[in-house]
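Given next are the chains, with one letter for each unit.
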Amino acid sequence: MTQMNMVQAINDALRFEMKRDDRVVILGEDVGKVGGVFRVTAGLYDEFGDDRVIDTPLSEGGIIGTAIGMALYGLRPVPEIQFSDFIFPAYDQIVSELAKYRYRSGGEFPCPMVIRTPVGGGIRGGHYHSQSPEAQFIHVAGLKVVCPATPADAKGLLLSAMRDPDPVLFFEPKRIYRAAKGEVPDGDYTVPLGKANVVRGGEHVTLVTWGAMLYEALDAANKAAAEGVQVEVIDLRTLWPLDIDTIVASVKKTGRVVVVHEAPRSCGLGGEIVSLINEKAFLHLEAPPKRVCGFDTPFPYTLENEYLPLSHRIVPALLETARF
Amino acid sequence: MTQMNMVQAINDALRFEMKRDDRVVILGEDVGKVGGVFRVTAGLYDEFGDDRVIDTPLSEGGIIGTAIGMALYGLRPVPEIQFSDFIFPAYDQIVSELAKYRYRSGGEFPCPMVIRTPVGGGIRGGHYHSQSPEAQFIHVAGLKVVCPATPADAKGLLLSAMRDPDPVLFFEPKRIYRAAKGEVPDGDYTVPLGKANVVRGGEHVTLVTWGAMLYEALDAANKAAAEGVQVEVIDLRTLWPLDIDTIVASVKKTGRVVVVHEAPRSCGLGGEIVSLINEKAFLHLEAPPKRVCGFDTPFPYTLENEYLPLSHRIVPALLETARF
Amino acid sequence: MTTDTLESVTHGTSRRLPDDALAPDVVRILSPDGTLLADEPGVSDEEAVALYRAMARTRIIDERAVLLQRQGRIGFHIGSLGEEATVLGSAYALRGTDWLFPCYREFGAALLRGMPLQRYFDNLYGNASDPAKGRQMPDHWCYRDARVGSVSSPIGTQITQAVGFAWAARIRRDPLVALVYFGEGATSSNEFHNGLNFAGVFKTPNVFLCRNNGWAISVPTERQTASESFAAKGVAYGVPAVRCDGNDVLAVLQVTRQAVERAARGEGPTLVEALTYRMSGHSTSDDPTRYRPEEQLSPWGKLDPMHRLRRYLEARVGWSDGKQQALEEQVAGELKTVIETAEKSSAPALETLFDDVFATLPWHLQEQRAELLSGPRAKGH
Amino acid sequence: MTTDTLESVTHGTSRRLPDDALAPDVVRILSPDGTLLADEPGVSDEEAVALYRAMARTRIIDERAVLLQRQGRIGFHIGSLGEEATVLGSAYALRGTDWLFPCYREFGAALLRGMPLQRYFDNLYGNASDPAKGRQMPDHWCYRDARVGSVSSPIGTQITQAVGFAWAARIRRDPLVALVYFGEGATSSNEFHNGLNFAGVFKTPNVFLCRNNGWAISVPTERQTASESFAAKGVAYGVPAVRCDGNDVLAVLQVTRQAVERAARGEGPTLVEALTYRMSGHSTSDDPTRYRPEEQLSPWGKLDPMHRLRRYLEARVGWSDGKQQALEEQVAGELKTVIETAEKSSAPALETLFDDVFATLPWHLQEQRAELLSGPRAKGH
Ligand SMILES: Cc1ncc(C[n+]2csc(CCOP(=O)(O)OP(=O)(O)O)c2C)c(N)n1
Ligand SMILES: Cc1ncc(C[n+]2csc(CCOP(=O)(O)OP(=O)(O)O)c2C)c(N)n1
Ligand SMILES: [Mg+2]
Ligand SMILES: [Mg+2]
């Protein structure tokens, strides 16, 4: 065990897997010499060289398109998209190609890769350095989507993702890149994809969230507890395919649920979770499921802490739901 | 009134507006001389010339990127994307630029345009000529999304869209391009954006759908009626911002709802509708809201009628929901 | 401001007329009447016959597929009528270890590399025997065993992928070359730009084979770009480029072979523009009479790649009507068998809808599969 | 297969070294020491002084913005240190009716065209006075009144938009020209390809101003492309191109003016590559010492655009230390006022979060606004 922040834990996972599996290559803008704009790939260029840690031209479509070719060849590419807001020039390659390769070839051309990219608000990045586009990938059949909230999970999930036979979008909550610290197991350590984590037990309301909002959720849960409301907090970890059993089991217990995410509410993952709960635990619901999300506006600069579903917006939702 | 199919009604709307407003220009692949691969723009090139009906190079990003520039200038571009499956090379311009222009400029640079594009399955087009990507645009704040199901609505909604101050995605259900026929008002005729249509009244279950699936929904409603279940069928027409009042009023009456759409279920618009109903009519719900959707797989070729949420899949959902 | 109309801003149409295919910088070995323009053909007579056979087989299959579509027996076909020399000549230049990334008109190339004809027809029929389980449209196949990639509809995506593939091989010191096909329309796509740019920077072992067939559905080449040629675009990426007569199979073969050798030597990618002409509609869904000036067809007809090679073989090895007939009968026999077999195969089973989305079936697909299999269609099945 | 390492596959680094800025095909009017290389400067002495003033003002503002960021008074700044000749010389070439589509380093150009300094600082502070309501990051402004477009972070998107804008003007017979800025890194984007290709085909009245400043964050030009130069990319689109010394304001002005005139005559677009150097980090978030060889800085320092123009004006119009000091004091005075004003302005009101998503507020945003305004933050407000 070593105390690490998220950046260090991800760096550790990358280094470990690159040593273990020489098919792993990293490519992206500024990932090489400078080690990434968030320094997540720091040191890897020096250690593994320019064949395996590759600074590319400024084109996300080129990065993902060539990474697909590498995966078809048999490498294990781990492309980085500098901010998930800049993934859209590569959206066609991801949704039309990467997601469909195994299916359209009847299994002849699987295309495993991990697309790493910082996600979410909290660094005063405005419209284009703050968004959370997970729903735009979950809706597309064929992609797995992961978002860790702790350094240990970041390492464990990333190692699982890099060994997974399917393409994985790995969203890294940049707000907590350095703020989230914790003990991280040394060496080989995996956290299985598809398993949520019940971070806090509670009887009255289930709160489902992931990524940086976990800490806001926990803060809100503490405040709710002070008002006598016990909140069970679930950290989804894998956003798709999500751990429906853990969610449903909790809601069957509490009868009440609040989903919290940074992305805009409309057609976000929150809506999917609410619908699944309706389908699987309808008769257990004692209050309308609530969503506390980013507003349905572009992500703002100055008012970002008003836009984000921070604790001050979560607490009222918890209390209302508990007291419905 | 003239009897028309969808293609003719859309063509009529385009011609009408191009005559009325000389700022309207059409651009896209094969929209000019040949009048579009579905012949929707037939005759317009001859009537309005190459300045206003423009065959472009093969690049959706180029089409939408330049159309944005045209809109900033003050034209009213109506770009066509040949199949909505091919909109993704332009996704960055749409979600990063078009959707955010008015907001990021504090209203100084509005960017009205109508992106027309055929949507959905039913023509044996396989993965890449069949998809329904509306949710991928609804989730992005700043876009309006429309999908007509009848020739009259196609004309009326398209004329409204072309006069709307905001960008509109106009999805044309290609399965019924020629199959849906009906009386279409001559001359100037608009159907307001944001208003759903209750196509069939019923007491027992509310069915929300749009586009080509309306006809499957009506067929299913007839079959359910034969079993004593009266279904109220709502044709959404505008998918975003949707007509929540009509939906909620109906669900408050029936207490039961089934949403039907072609797109994959997960993170589709169906989930959003179910969540909104939870938020606004929870105490009226007497059965779990159901979704009958495309499966969470790429769109198949041979088995497309098994994949689509056709009447044979809707009927059981209606009966189950009514009898819950 | 000038007062010219926009109509006049696009440039001349020369780039897609036969004149251009005969321009001096365009590599040519066989003249349109089949006489050798070079000292040496660059291929043995046996090879030339093999190429001719492959081209003829391709054309016969193509014509049959159109017929099957017209008869409603298959849903769609997109072929290579008139472009056989470009498709077959280039594929022939590959070594066994090399890879081929197709656009959608290169079934002939895939068959040349060993894709079974039955497999091709199982795709056309989308039946239960199709290894891809009838999921893709006709003419969207793949065949890993012969190092042939997967056809996809979105224009150009294979270009960038082929670059990544070749780049990976280079990183692994695996001496293969990846040839990728695309139409001239695809040069306008994001993918052409990204693929060529990365290939130039990382000196990947690629051959970019641009089939300039004059049209992107109804859009002529002069609406695609204002550059002097499609080959000229190589300059933007530091990628050497060459134009060849795409209806001269010997020229296509020679130019592609040189590009393959160059790549194999580690000298990087080459862009090949093959000037040919799409003699059919874009696909069975298209009616070219709406936009194609009829006067374009007959000069191109005189440049027909089959005709040219046949004349050459007649003079060289005494190719005869008898041999031609035997070849046609042989292909007809093959076709009879594979079509019968394809038509006997049923539709893919319902449950195949859910396989291969992921390596293993997650819970939500298990549920959806169970729903479908317990529904009315499954019972009727 | 060759055995070279991938390191060696990318080409020489000449394209971003000063040698290259001094190459013979690069247009230059002022030598690095300020002597005139041409017979005529092409601008009057008054114009040259105006340009010098604008460049100096830009640099002073830039340095102040960095300071404000270091002091934590603004969140971010991205500037044009060392690139002032490229930015100001090109903007100066525009006529009043023309449009300017900025990248993110051209606040100097926007100010030159009349954007009020207060407006710029209100953006840097993201305050309630900012016409864009503090929604965008610092250095993301717009100003329709002076025909200046909207800065966006995604690289290159403005290129295609500027083409559509100019194309629209052409369709309407409106004789404007649209100048668009981008860095050399942006030439790798989809947008460069689409913009230039459409501009070539439709002969739009555009000037494409590529600021080749040697770096895209940490990525040097030779990792961006293998083409001989960025100007060489024009060939791929039938767009004429020219290189100029981007640190020679007279050269930038002349080359851009010719391109503007050409476009205005209806002769179509021009690609201008201005060779300059980013003397700072990429932005206030960047530490260039991690990747930039220090020996690159000092030769470029000797080519400083301010220095060169100042020497020229000293010789020509007797520009003096006194005049310099007066100028600096004047700008300092301006800055004092605007910064004070900007800092007095509050944060934008909560409800502004929901305006301008659409022309009118739909029901769901009305509800979300009501939620926010009834929440704990609104009360504290
Ligand atoms: C991204 C995308 N946009 C549009 C289409 C529709 N489409 C299919 S083929 C084609 C023309 C392609 O022309 P070209 O690249 O010259 O190839 P050719 O058909 O002539 O071989 C178009 C526009 C598509 N498949 N993908
Ligand atoms: C699509 C996209 N990808 C990545 C980024 C992150 N990014 C911001 S500036 C930059 C480098 C731009 O380099 P260049 O175009 O040369 O302009 P310069 O900063 O040198 O003026 C990068 C990679 C971005 N803003 N947009
Ligand atoms: Mg073509
Ligand atoms: Mg740069």
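Residues numbered from 1 in each chain as written. Chains lettered and ligands numbered in written order. Predicted model: local features only at pLDDT ≥ 70, side-chain atom pairs only at ≥ 80, totals over all residues. Heavy atoms only, no water.

Notes on the pairing of strand 4 (residues 76–80) of chain B
Working note: regular strand, side chains alternate between the two faces of the sheet.
All names here are of chain B.
Item 1. In terms of residue burial, strand 4 counts as a mostly covered element, since 5 of its 5 residues are buried.
Item 2. Neither face of strand 4 is open: one carries Arg76, Val78 and Glu80, the other Pro77 and Pro79, and all of them are buried.
Item 3. Both strand 2 (residues 24–28) and strand 4 contribute to a ladder of 5 bridges, which runs parallel. Note on strand 4: the bridge partner recorded for leucine 27 is proline 79. (Buried < 20%, exposed > 50% of the residue type's maximum accessible area, 1.4 Å probe, protein only. Helix = DSSP H or I, 4+ residues; strand = E, 2+ residues; numbered from the N terminus. Pairing = 2+ DSSP bridges.)

Considerations on the nonpolar core
As a rule of thumb, soluble globular proteins bury nonpolar side chains together.
Item 1. Counting 320 residues, the largest nonpolar core has Leu236, Leu242 and Ile273 of chain A together with Leu236, Leu242 and Ile273 of chain B as the members making the most contacts within it.
Item 2. Those residues within four positions of leucine 236 of chain A in sequence are excluded, and the remaining contacts are Lys195, Ala196, Val208, Thr209, Trp210, Leu242, Ile247, Leu269 and Ile273 of chain A. (Core = buried A, V, L, I, M, F, W, Y, C linked by side-chain atoms within 4.5 Å. Contact = heavy atoms within 4.5 Å.)

Brief notes about the interface of chain D and chain C
By a frequent convention, interface size equals the accessible area lost on bringing the separate parts together.
Item 1. Taken together, the contact pairs 40 residues of chain D with 40 residues of chain C.
Item 2. Between chain D and chain C, roughly 3,400 Å² of surface is buried when both sides are summed, and carbon and sulfur atoms account for 55% of that area.
Item 3. There are 0 salt bridges connecting chain D and chain C.
Item 4. Counting the contacts that link chain D with chain C gives 14 residue pairs in polar contact (both at pLDDT 80 or more).
Item 5. Within the residue set of the side of chain D that touches chain C, elements represented by two or more residues are helix 6 (157–171) and helix 7 (190–202) of chain D.
Item 6. Broken down by element, the side of chain D that touches chain C gets its largest block of residues, 8 residues, from helix 7 of chain D. (Buried area = accessible area lost by both parts, 1.4 Å probe. Salt bridge = Lys/Arg side-chain N within 4 Å of Asp/Glu carboxyl O. Polar contact = N/O pair within 3.5 Å; in protein donor to acceptor, adjacent residues only side chain to side chain.)

Regarding the relation of the copies chain A and chain B
Item 1. When chain A is fitted to chain B, the best match, at an RMSD of 0.0 Å, comes from turning it 180° and sliding it 0.0 Å along the axis. Each copy turns onto its partner about a two-fold axis.
Item 2. When the interface residues of chain A are mapped onto chain B, 100% of them again lie at the interface, so the same face is used by both copies. (Least-squares fit on C-alpha atoms with pLDDT ≥ 70 in both.)

A word on the relation of the copies chain D and chain C
Item 1. Between the two copies, chain D and chain C, the superposition gives an RMSD of 0.0 Å; the rotation angle is 180° and the shift along the axis is 0.0 Å.
Item 2. An overlap of 100% is found between the interface residues of chain D and their copies at the interface of chain C, pointing to a shared contact surface.

Concerning the side chain of threonine 321 of chain A
Residues and elements named next belong to chain A.
Item 1. Along the chain, threonine 321 turns up in helix 12 (residues 311–322).
Item 2. Looking at threonine 321, its side chain comes within polar contact range of the main-chain oxygen of alanine 317, at 2.7 Å.
Item 3. The residues contacting threonine 321, other than those within four sequence positions of it, are Val205, Arg256, Val257, Val258, Ala287, Pro288 and Lys290.

A word on the interface of chain A and chain B
Item 1. Facing the 50 residues of chain A at the interface are 50 residues of chain B.
Item 2. In this assembly, chain A packs against chain B so that about 4,200 Å² is buried in total across both faces, 62% of it on carbon and sulfur atoms.
Item 3. Counting the surface chain A buries against chain B, the share from its top three residues, His139, Cys267 and Phe282 of chain A, is 18%.
Item 4. Applying the counting criterion to the chain A and chain B interface returns 6 salt bridges.
Item 5. Between arginine 265 of chain B and glutamate 279 of chain A there is a salt bridge whose closest N-O contact spans 3.9 Å.
Item 6. Sorting the residues of the side of chain A that touches chain B by element identifies helix 4 (91–97), helix 5 (101–104), helix 6 (135–138), strand 13 (257–264) and helix 10 (269–281) of chain A as the ones contributing at least two each.
Item 7. Among the elements that take part in the side of chain A that touches chain B, helix 10 of chain A stands out by supplying 9 residues, more than any other.
Item 8. Here the side of chain A that touches chain B is composed, by residue class, of 26 nonpolar, 13 polar and 11 charged. (Nonpolar A, V, L, I, M, F, W, Y, C, P; charged D, E, K, R; others polar.)

A look at the domain arrangement of chain A
Residues and elements named next belong to chain A.
Item 1. One can read the domain layout of chain A as domain 1 (2–184) and domain 2 (197–322).
Item 2. Spacing between the C-alpha centres of domain 1 and domain 2 amounts to 26 Å.
Item 3. Each partner contributes residues to the interface: domain 1 has 26 residues there, and domain 2 has 28 residues.
Item 4. Considering only the surface of domain 1 that becomes buried against domain 2, Arg124, Ile138 and Arg175 emerge as the three largest contributors, covering 27% of it.
Item 5. The interface formed by domain 1 and domain 2 includes 2 salt bridges.
Item 6. With a shortest N-O distance of 3.1 Å, aspartate 153 and arginine 237 are connected by a salt bridge. (Domains from an automatic or database assignment.)

Regarding the environment of proline 118 of chain B
Residue and element names in this part refer to chain B.
Item 1. Among the secondary structure elements, proline 118 is positioned in strand 5 (residues 114–119).
Item 2. Accessibility expressed as a relative area gives 1% for proline 118, which makes it buried.
Item 3. Sequence separation between proline 118 and cysteine 147 is 29 residues, and the spatial gap between their C-alpha atoms is 9.7 Å.
Item 4. Sequence-distant contacts of proline 118, that is, excluding residues within four places in its chain, are made with Phe38, Ile81, Gln82, Phe83, Ser84, Glu172, Lys174 and Tyr177.

Let's talk about helix 10 of chain A
Item 1. Compared with the 18 Å implied by 1.5 Å per residue over 13 residues, the 18 Å span of helix 10 of chain A between its first and last C-alpha is a close match.
Item 2. For helix 10 of chain A, a buried count of 11 out of 13 residues is recorded, marking the element as mostly surrounded by other parts of the structure. (Expected span 1.5 Å × (residues − 1).)

Focus on the packing of aromatic side chains
Item 1. In this structure the tally under the stated criterion is 56 aromatic pairs over all chains.
Item 2. For the pair phenylalanine 299 of chain B and tyrosine 307 of chain B, a centre-to-centre distance of 4.7 Å together with 55° between the ring planes defines the contact as tilted.
Item 3. Classification of phenylalanine 299 of chain B as buried rests on a relative accessible area of 4%.
Item 4. A connected cluster of aromatic rings, assembled from ring pairs, spans Phe88, Tyr91, Phe137 and Phe171 of chain A together with Phe88, Tyr91, Phe137 and Phe171 of chain B.
Item 5. Here lysine 155 of chain A stacks its cationic end above the ring of phenylalanine 16 of chain A, 6.0 Å away from the centre of that ring.
Item 6. Positioned over the ring face of tyrosine 103 of chain A is arginine 135 of chain C, at 4.0 Å from the centre of the ring. (Phe/Tyr/Trp six-rings, centres within 6.5 Å; stacked < 30°, edge-to-face > 60°. Lys NZ or Arg CZ within 6 Å of the ring centre and 35° of its normal.)

Notes on the coordination of the magnesium ion (ligand 3)
Residues and elements named next belong to chain C.
Item 1. For the magnesium ion (ligand 3), the full set of protein donor atoms is Glu184 (OE), Asn213 (OD1) and Trp215 (O), at a range of 2.1 to 2.2 Å.
Item 2. Every donor residue of the magnesium ion (ligand 3) comes from the same chain, spaced as E-x28-N-x1-W. Of this pair, glutamate 184 sits in the loop between strand 2 (178–183) and helix 7 (190–202) while tryptophan 215 sits in strand 4 (residues 215–216); the two residues are 31 residues apart in sequence, bridging distant segments of the chain.
Item 3. The class of glutamate 184 is buried, set by a relative accessible area of 0%.
Item 4. On the basis of relative accessibility, which here comes to 5%, the residue tryptophan 215 falls in the buried class. (Donors = N, O, S within 2.8 Å, 3.2 Å for Na, K, Ca; no water.)

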